[in-house]
Amino acid sequence: RLGHPAFDLGGWIADSMYYALLDGRPPHTDRAMWQGLMQGYVSAGGRSIDPQTLAWATAWHLFCQRARRCVCNIKPGRPAIASQIVRLAASILQSRSLESV
């Protein structure tokens, strides 16, 4: 995409958090994988992403994509985690960091 890379990377992290919650695991379960992806992205020539920008993009995806789909699509298990996703996104926005997850 031509947009800011934090938006795509934040979406990937939000998906990881969503699937962890859906499986009954803590949202930070795949933190090492997120960090590895970010290191690989920069090593491959991508620009370093401000952690606050990445946190905002991740929270946006959690609110606007994942929580919304949980209540709109009503697939098994999704409505039950919608409030967890909203709380997680709010926590990320408040702390401006993914480290607090």
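Reading the values: rules and limits
- Residues numbered from 1 in each chain as written.
- Predicted model: local features only at pLDDT ≥ 70, side-chain atom pairs only at ≥ 80, totals over all residues.
- Heavy atoms only, no water.
- Helix = DSSP H or I, 4+ residues; strand = E, 2+ residues; numbered from the N terminus.
- Buried < 20%, exposed > 50% of the residue type's maximum accessible area, 1.4 Å probe, protein only.
- Contact = heavy atoms within 4.5 Å.
- Salt bridge = Lys/Arg side-chain N within 4 Å of Asp/Glu carboxyl O.

A. Layout of the side chain of His-61. Topologically, His-61 is positioned in helix α3 (residues 51-73). What makes His-61 buried here is its relative accessible area of 11%. Ignoring anything within four residues of it in the chain, the contact list for His-61 reads Phe-7, Gly-10, Gly-11, Ala-14 and Arg-66.

B. Spotlight on the pattern of salt bridges. Enumeration over the complete set of coordinates arrives at three salt bridges. The partner of Asp-15 in a salt bridge is Arg-66, and the shortest N-O contact between them spans 2.9 Å. Pair noted here: Asp-15 is in helix α1 (residues 5-22) and Arg-66 is in helix α3, with a separation of 51 residues, a long-range link. Residue Asp-15 is classed as partly exposed on the basis of its relative accessible area, which comes to 29%.

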